[in-house]
2 protein chains.
Amino acid sequence: MPNPTAAMLTIGDEILSGRTRDANMPHLALKLGEKGITLAEARVVPDVAEEISGAVNALRARYDHVFTSGGIGPTHDDITADCVAAAFGVGIDVREDARAILATNYANPDVDLNPARLRMARIPDGATLIDNPVSKAPGFSIGNVHVMAGVPAVFEAMVASLLPKLTGGAPLLSETVQVMRPEGVLAGPLGAIATAHPEVSIGCYPFSREGVFGATLVARSTDAPALARVAEALRALKAAIEA
Amino acid sequence: MPNPTAAMLTIGDEILSGRTRDANMPHLALKLGEKGITLAEARVVPDVAEEISGAVNALRARYDHVFTSGGIGPTHDDITADCVAAAFGVGIDVREDARAILATNYANPDVDLNPARLRMARIPDGATLIDNPVSKAPGFSIGNVHVMAGVPAVFEAMVASLLPKLTGGAPLLSETVQVMRPEGVLAGPLGAIATAHPEVSIGCYPFSREGVFGATLVARSTDAPALARVAEALRALKAAIEA
């Protein structure tokens, strides 16, 4: 059976402005690889309601899971929960269990849990909470969509809470071989190896270091014996071509 | 007139595996902001032909420009040029001017310009070349789609070659105010400022530093006087709330 598939949806003008680099996508990608869930697409959309709802609906129809990052804090630009509710066509309101969890984060909840912060307890109808051991305000899963925070420490904690509950597949394994020759010289024999082993994805990433051109060859597969055969072929190619 | 819009399409299993972080999207985002072109969406897709062609067609129909990164080297996994030709329904072949440019990169072109490297001179019919002063192999523009390399130094050089040829708009300006108070305390008055100034996008990005919670407020607009008014309001909010 093929591994489950997933998309990541990053929400935020901050990422699209180039000012902040998205650290959550690489983190999720690595964790999904270990879990045997294939990250098949990633998207970044701005803080615009129709864009968020539209992307959620496009992605949840296509992949087994959708993981979102960003837009679930207390400020006016935090509109993800409402957009996800709209995408599913369900209601959204402050939920008592979420409010109770949120209250544990404040010294004096009656004062500190102001209307803005209470927005973080707004949960779409039918969703399940995702635990946030860092700052309490929960994420949530609805259908196959998992809604998490944008702050990396909180996102990572939510991923750690969520992933054990999902059904994975065969972990994505990889082997890396570095060849100190330009990729244009490698390309012919490398293509032959790739054609002979369609069950292994082989990437070639060129670099130059102190004026010397080289390439990092990365083979990826969920099939360990096939990966081992390819790794052997890549090492043989390296030996032949560097000789 | 509103600014032209753009999408970025990053192509590569390497990015989706989490192993390599995409540095090209933040670079392009900043350069487009200076040029007055709004980066409205970013996507990452794997090295799979239908995924690349499908994303190119979806994005070029929706935005004024599409910028792609990755998949135009000499190896078997470099399939972007063919996928873009397929998306446009045009032919693709080695083009003489591209081959001549490529040849200047090699000491002995008759030997060095092997079949794999010659693939880098395959250009879809009707495309215009994008200059690559770093490693010669050109990118290309076809319609509103601009196809560039994934290696950051080459991508950046191609962006520098291309952007002066595109029509921009009003540069995206920003003002940043850092407030040493939690965003939950700021959220109410900040929302009021945002509502009063719909022509300015205001983002709130929480952080914690040595146990102290704070928030970075970033206002963005192409309208300088409006931005100045909002910056003044944000500084007044900071003074009031930190007092």
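Residues numbered from 1 in each chain as written. Chains lettered and ligands numbered in written order. Predicted model: local features only at pLDDT ≥ 70, side-chain atom pairs only at ≥ 80, totals over all residues. Heavy atoms only, no water.

An unreviewed UniProt entry annotates chain A as Molybdenum cofactor synthesis domain-containing protein originating from Amaricoccus macauensis.

Turning to the domain arrangement of chain A, a few remarks are in order. As assigned here, chain A comprises domain 1 (5-165) and domain 2 (173-242). Taking the mean C-alpha position of each, domain 1 of chain A and domain 2 of chain A sit 37 Å from one another. (Domains from an automatic or database assignment.)

Moving on: the pattern of salt bridges. Considering all chains together, one arrives at 21 salt bridges over all chains under this definition. A salt bridge links R43(B) to E41(B), with the shortest nitrogen-to-oxygen separation between them at 2.6 Å. For R43(B), a relative accessible area of 11% corresponds to the buried category. Here R95(B) and D97(B) are joined by a salt bridge, their closest N and O atoms 2.9 Å apart. By sharing partners, the salt bridges in this structure join E14(A), R19(A) and R220(B) into a single network. (Salt bridge = Lys/Arg side-chain N within 4 Å of Asp/Glu carboxyl O. Buried < 20%, exposed > 50% of the residue type's maximum accessible area, 1.4 Å probe, protein only.)

Each copy superposes on the other: chain B lies on chain A with an RMSD of 0.0 Å after a rotation of 180° and an axial shift of 0.0 Å. Both chain copies can therefore be described as sitting about a two-fold axis. Proximity to the rotation axis, assessed at the C-alpha, singles out R43(B) in chain B; its C-alpha lies 2.2 Å from the axis. Counting the interface residues of chain B, we find that 100% of their copies in chain A are interface residues as well, pointing to one common contact surface. (Least-squares fit on C-alpha atoms with pLDDT ≥ 70 in both. Contact = heavy atoms within 4.5 Å.)

Residue and element names in this part refer to chain B. The strand order across the open sheet formed by three strands is β9-β11-β10, and the pairing between neighbours is antiparallel. One side of each edge strand has no neighbouring strand; the edge strands of this open sheet are β9 (173-179) and β10 (201-209). Averaged over all pairs of adjacent strands, the angle between strand axes in this sheet comes to 20°, irrespective of strand direction. Bridge analysis of β9 against strand β11 (residues 212-221) gives seven bridges, and the strand direction is antiparallel. Counterpart to S174 in the pairing with β11 is R220. Packing against the sheet, helix α9 (residues 183-196) makes contact with β9, β10 and β11, and its axis sits at approximately 170° to β10. Contacts between helix α10 (residues 224-242) and the sheet are confined to β9, β10 and β11, with β9 contributing the most and set at about 0° to the helix. (Pairing = 2+ DSSP bridges. Helix = DSSP H or I, 4+ residues; strand = E, 2+ residues; numbered from the N terminus. Axes fitted to C-alpha atoms, helices over the stretch in contact; angles between N-to-C directions.)

The next thing to look at is the nonpolar core. Counting 57 residues, the largest nonpolar core has M25(B), L32(B), V56(B), F67(B), F140(B) and M148(B) as the members making the most contacts within it. Looking at which element gives the most residues to this core, the answer is helix α4 (residues 80-88) of chain B, with six residues. Those residues in contact with M25(B) that sit more than four places away from it in its chain are I15(A), V44(A), M8(B), L39(B) and A42(B). Ranked by size, the runner-up nonpolar core spans 55 residues in total, among them L28(A), V84(A), A98(A) and L162(A). (Core = buried A, V, L, I, M, F, W, Y, C linked by side-chain atoms within 4.5 Å.)

Residue and element names in this part refer to chain B. Spanning 19 residues, α10 covers 27 Å between terminal C-alpha atoms, matching the ideal 27 Å at 1.5 Å per step. Among all positions of α10, only A226, L227, V230, A231, L234, L237 and I241 are buried. Here the buried residues of α10 occupy an arc of 135° about the axis, which is enough to place them on one side. Away from the buried face of α10 by more than 90 degrees, exposed residues P225, E232, A239 and A240 are located. Put simply, D223 is the residue that caps the front of α10, since its side-chain oxygen is 3.1 Å from the backbone nitrogen of A226. (Expected span 1.5 Å × (residues − 1). Arc of directions from axis to C-beta. Polar contact = N/O pair within 3.5 Å; in protein donor to acceptor, adjacent residues only side chain to side chain.)

This part is about the packing of helix α3 (residues 49-62) of chain A against helix α4 (residues 80-88) of chain A. Residue and element names in this part refer to chain A. Between α3 and α4, the least distance of the axes is 8 Å, while the angle of their chain directions is 50°. In terms of orientation, α3 lies oblique with respect to α4. The crossing of α3 and α4 is right-handed. Facing A49, I52, S53, V56, N57 and R60 of α3, the residues of α4 in contact are C83, V84, A86, A87 and F88. (Parallel < 35°, antiparallel > 145°, perpendicular 65-115°, else oblique. Left-handed = near helix turned anticlockwise from the far one by under 90°.)

Applying the stated criterion to the full structure yields three cavities of 30 Å³ or more. By volume, the largest cavity amounts to about 280 Å³. Forming the walls of the largest cavity are 21 residues, and the residues nearest its centre are D22(A), M25(A), D22(B), M25(B) and V44(B). For the lining of the largest cavity, the elements supplying multiple residues, two or more each, are α2 (24-35) and β2 (38-45) of chain A together with β1 (5-11), α2 (24-35) and β2 (38-45) of chain B. A breakdown of the residues in the lining of the largest cavity according to their chemical character gives 11 nonpolar, four polar and six charged. (1 Å grid on protein atoms, 1.4 Å probe; cavity = no way out; pocket = protein on both sides within 12 Å on 5 of 7 lines; lining within 4 Å. Points joined across faces, edges and corners; volume = space filled by probe spheres on them. Nonpolar A, V, L, I, M, F, W, Y, C, P; charged D, E, K, R; others polar.)

What follows deals with the interface of chain B and chain A. With 51 residues of chain B at the contact, the number on the chain A side is 51 residues. Here chain B meets chain A over a buried area of about 4,000 Å², counting both sides, of which 55% is carbon and sulfur. The largest contributions to the chain B side of the interface with chain A come from L16(B), R19(B) and H76(B), which together make up 13% of the buried area. Run the count over chain B and chain A and you get four salt bridges. Inspection of the chain B/chain A interface yields 16 residue pairs in polar contact (both at pLDDT 80 or more). Elements with a minimum of two residues in the side of chain B that touches chain A: α1 (13-16), α2, β2, α3 (49-62), α7 (115-118), α9, β10 and β11 of chain B. (Buried area = accessible area lost by both parts, 1.4 Å probe.)

A separate point is the packing of aromatic side chains. Two descriptors summarise a pair of aromatic rings, namely the distance from one centre to the other and the angle between the planes of the rings. Per the counting criterion, the structure on display carries zero aromatic pairs over all chains. Geometry around F207(B) places R209(B) over its ring, the cationic atom sitting 4.2 Å from the centre. (Phe/Tyr/Trp six-rings, centres within 6.5 Å; stacked < 30°, edge-to-face > 60°. Lys NZ or Arg CZ within 6 Å of the ring centre and 35° of its normal.)

Taking 1.5 Å per residue, 12 residues should reach 16 Å; α2(A) reaches 16 Å between its end C-alpha atoms and fits that length. Among the residues of α2(A), N24(A), M25(A), P26(A), H27(A), L28(A), A29(A), L32(A) and G33(A) are the ones counted as buried. Each element contacted by the buried residues of α2(A) is listed here: β1 (5-11), β2, β3 (65-69) and α8 (152-162) of chain A together with α1 and β2 of chain B. Where α2(A) ends, the next residue or the one after it, G36(A), has phi of about 80°, a positive value.

Secondary-structure assignment places V84(A) in helix α4. For the pair V84(A) and A49(A), spaced 35 residues apart in the sequence, the C-alpha separation amounts to 9.3 Å.

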